[in-house]
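# Remarks on the overall topology
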Amino acid sequence: MADAPSGRSLVVDAVTHRYPSGALAVENINLDIKGGEIIALLGPSGCGKTTLLRIIAGFIAQTQGRVIIGDDIVDALPPNKRAVGIVFQNYALFPHLSISENVAYGLAARGVDKAARQREAQRLLELVQLPAMAARLPRQLSGGQQQRVALARALAIKPSILLLDEPFAALDKNLRLDMQIEVKRLQRVSGITTLIVTHDQEEALSMADRVAVLSHGKLEQFGSPSDVYDRPQTLFVNTFVGSTNRMPGVVVSADRTAAKVRLDAGAEIIARPAGGALSEGGRVTVCIRPEHLQFVGDETGFAGVVGMSLPLGATVVHEVTTADGSGVKVSQARIGETRALENGAAVRLAPLAPSLANAFPATL
Amino acid sequence: MGAAPASRDVTSYGMGLAAPLALFFLLFFVAPLLQLLWLSLHNDTAGLHWGLGQYLHFLTDPFSLGVLGSTLLLGAEVTAVCLVLGFPIAWLYQRVGPRLQTIIILIVLLPLLTSVVVRTFAWIVILGRQGIINATLQSLGIIETPLKLLYTQFGVVLALAQVQMPLMTLPLITALGRIDPNLDDASCSLGAGSWRTFFRIVLPLSLPGVIAGCTLTYAAAITAFITQSLIGGGQMLFMPMYLYQQASTLQNWPFASAISIIFLLAVLAVVSVFTTLGRMSRGYGGA
Ligand SMILES: Nc1ncnc2c1ncn2[C@@H]1O[C@H](COP(=O)(O)OP(=O)(O)OP(=O)(O)O)[C@@H](O)[C@H]1O
Ligand SMILES: [Mg+2]
């Protein structure tokens, strides 16, 4: 067990969990994770991320479904037999043990002798770049340093799966970026299959090989960052990941790959049927990201009136009010002298390409 | 007053606020204590000759030393019983739902809600020759003749342990409640079994509560005059009763004072041992 090979695969097979209080926290989750992959579990607060993590770690026995690590179904194994390393959101370092004792804790539990334990702890502290802190107590370290100790402690047991619960939530922006790079580096070096829980979409998109988006306990989409961002399968994913304009409309004609939609804002556009086939005459919500809208000179797009313009560094975001009274945001790259749009200027807008407008059947 | 209010530390209040309490302590605690000390330094009951005779008498008298020893031992036994029984209760409390928590707290606090005298008499009823325990065991045919439970060390320890249990359980509940539940999980996920987790994580982190509980229980057990005398009966003598006899029955005030001072010092010594042990084991609680 001590030398469990790193990078084992992890399969979450139709896992459902209902808390004794009756709350259905996760429902029929299927994840097939290859050895060595780094996966982000992304979703808003309360969508069941922590619950799923605790099920994989073995702290909670799921109501239904199976968890398979490598070739073993681990449902009957207690957490201390699963070789799953976990870094808690609040780090959960042992406050009465020194940093090196914290890191060596798992080795002691495995019966590694003292000298070997200390050597290994020191090696790991060097790996997370804290070699000088071995003798300190956790409370004598900064938040970011504690975070790294927690990581070293989890890595010490050579886990086959590493779970990180909102590992960077408590860190300020710069430190967070450093730690994200650090974790990614360590993960590459060790090849440990890693699952990162986050509600920060940028973190998910930048760190993970694949992203699992959860909402209300259900898996909305499981795919590569570009799949999730560019080819969202549900309206939820489209709106939760990145920002988007939601424009209601009616399907004029539709086939598998393209749908002609008459927007309430005026104009007909071609959109991609993202959530499966659309029926003619049905109401849809078309999602277009601000950076995928452009100002057009001809009569192709829909009309609007410019409200506020916000220069945000590399881009300028314009607020445009359309004919049906709803507002859309348009983001323009600031290349050279961007033509300043005056408040109240009449403009016409159109998506950059049909594949960048996603049409979902309207719910309601 | 308030010459430089801007630079004044907001957390520093005038010491005057503590004056009423200080005065109270001075009048009713420090003064009697000094009087006690003064009394104990007299060699005769009339208070004419100064000297350390009373202390010498106590410290060279095997009987007196025996009483002191058995009292300190009694305290240790009661404390040990309370710790061993109280810890699981406190541990359980932190792991059950809110409704069971209320029930546990009620059970723990119940002894405090009834008078000591009543509780002690209840124990007499339970432990007596024709008491509940003996009657039950006899009717079941397990024993022929009644066991001697009352007027024994066992009986005193049992009754005291029940009476003092809240003093142990409440600090333990507080201390265990301060431990981050994730620490349990962290320990477990690192491969530790429940026993290792308990001895390496839970116990060290609950030490502040253990020490507070032990100190309170110990101090309460060795000074529990009523329970000691009623359950212990005439055959067993502990310091409070010894003190009472010397002061009240024999009117030997200087000797009684010396007993008090020695008792006080002995208790202080034991308590400081508890505290030092706690500090040495690096249990800093939720710090
Ligand atoms: N111990 C519990 N008992 C009952 N319900 C719970 C328990 N823990 C969580 N829940 C419920 O289960 C759902 C999912 O909770 P979970 O902690 O997994 O969310 P999360 O995605 O981790 O949220 P966050 O981002 O806020 O940490 C929530 O609706 C929550 O109220
Ligand atoms: Mg959570």
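Residues numbered from 1 in each chain as written. Chains lettered and ligands numbered in written order. Predicted model: local features only at pLDDT ≥ 70, side-chain atom pairs only at ≥ 80, totals over all residues. Heavy atoms only, no water.

## Section: the overall build of chain B
Selection criterion: Every helix listed is a DSSP run of H or I at least four residues long, and every strand listed is a run of E at least two residues long, numbered separately from the N terminus. With the radius of gyration taken over C-alpha atoms, the globule rule is written as 2.2 Å times the number of residues to the power 0.38. Relative accessibility under 20% of the residue-type maximum defines a buried residue, over 50% an exposed one, and the middle range a partly exposed one, all with a 1.4 Å probe and only protein chains included.
Looking only at helices and strands, chain B features twelve helices and zero strands. Secondary structure elements of chain B occur, N-terminal to C-terminal, as α-α-α-α-α-α-α-α-α-α-α-α. A globule of 287 residues ought to have a C-alpha radius of gyration of about 19 Å, yet chain B, at 24 Å, is considerably larger. Dimensions along the principal axes, computed over C-alpha positions, put chain B at roughly 85 × 70 × 35 Å. By residue count, 39% of the 287 residues in chain B fall in the buried class.

## A few points about unusual backbone geometry
Trans is the common state for peptide bonds, and a negative phi is the common state for residues other than glycine. Residues and elements named next belong to chain A. Residue Tyr 91 is not a glycine yet carries a positive backbone phi of 70 degrees. Here Tyr 91 shows up in the loop between β6 (84–87) and α2 (99–109). A relative accessible area of 7% means that Tyr 91 is categorised as buried.

## Considering the site of ligand 1
Residue and element names in this part refer to chain A. Rules: One heavy atom within 4 Å of a molecule or strand makes the whole residue count as near it. Here a polar contact is recorded for every N or O atom pair within 3.5 Å, except that within protein the pair must consist of a potential hydrogen donor and a potential acceptor, and residues adjacent in sequence are included only if both atoms are side-chain atoms. Using the Shrake-Rupley algorithm and a 1.4 Å probe, accessible areas are obtained, with residue cover drawn only from the displayed protein chains. Polarity classes work like this: nonpolar for Ala, Val, Leu, Ile, Met, Phe, Trp, Tyr, Cys and Pro, charged for Asp, Glu, Lys and Arg, and polar for all others, with Gly in that last group.
In the vicinity of ligand 1, the contacting residues are Tyr 19, Ser 21, Ala 25, Ser 45, Gly 46, Cys 47, Gly 48, Lys 49, Thr 50, Thr 51 and Glu 166. One nitrogen or oxygen atom from the side chain of Ser 45 is found 2.4 Å from an oxygen atom belonging to ligand 1. Note that an oxygen atom of ligand 1 is positioned 3.0 Å from one of the backbone N or O atoms of Gly 48. Taken by itself ligand 1 offers 630 Å² of open surface, and the protein chains cover 60% of this. Tallying contributions element by element places helix α1 (residues 49–57) first for the shell around ligand 1, with three residues. For the shell around ligand 1, a count of residues per class yields three nonpolar, six polar and two charged.

## Topic: the nonpolar core
Proteins that are soluble and globular tend to have nonpolar side chains buried together. Definition in use: What makes a nonpolar core is a set of buried Ala, Val, Leu, Ile, Met, Phe, Trp, Tyr and Cys residues whose side-chain atoms join them at distances within 4.5 Å. Whether two residues are in contact is decided by their heavy atoms, any of which lying within 4.5 Å being enough.
Counting residues in each nonpolar core, the largest one holds 94 residues, and the members touching the most others are Leu 52, Leu 163 and Leu 195 of chain A. Sorting elements by how many residues they give to this core places helix α9 (residues 194–222) of chain B first, with eleven residues. Beyond its immediate stretch of four places on either side in the chain, Leu 52 of chain A contacts Val 12, Val 15, Val 26, Ile 29, Leu 31, Leu 41 and Leu 214 of chain A. One finds Ala 121, Val 149, Ala 150 and Val 183 of chain A within the second-largest nonpolar core, a separate group that totals 33 residues.

## Here's the deal with the interface of chain B and chain A
Counted only if it meets this: Joining two parts hides part of their accessible area as seen by a 1.4 Å probe, and the buried area is that hidden amount summed over both. Salt bridge, as used here: a side-chain nitrogen of Lys or Arg that lies within 4 Å of a carboxyl oxygen of Asp or Glu.
In this assembly, 22 residues from chain B lie in contact with 25 residues from chain A. Surface buried jointly by chain B and chain A totals about 2,100 Å² across both partners, of which 60% is contributed by carbon and sulfur atoms. The closest approach of N and O atoms between Arg 54 of chain A and Asp 185 of chain B, which form a salt bridge, is 2.7 Å. At the level of secondary structure, the elements contributing two or more residues to the side of chain B that touches chain A comprise α8 (181–189) and α9 of chain B. The element best represented in the side of chain B that touches chain A is α8 of chain B, accounting for seven residues. Across the side of chain B that touches chain A, the residue classes break down as ten nonpolar, seven polar and five charged.

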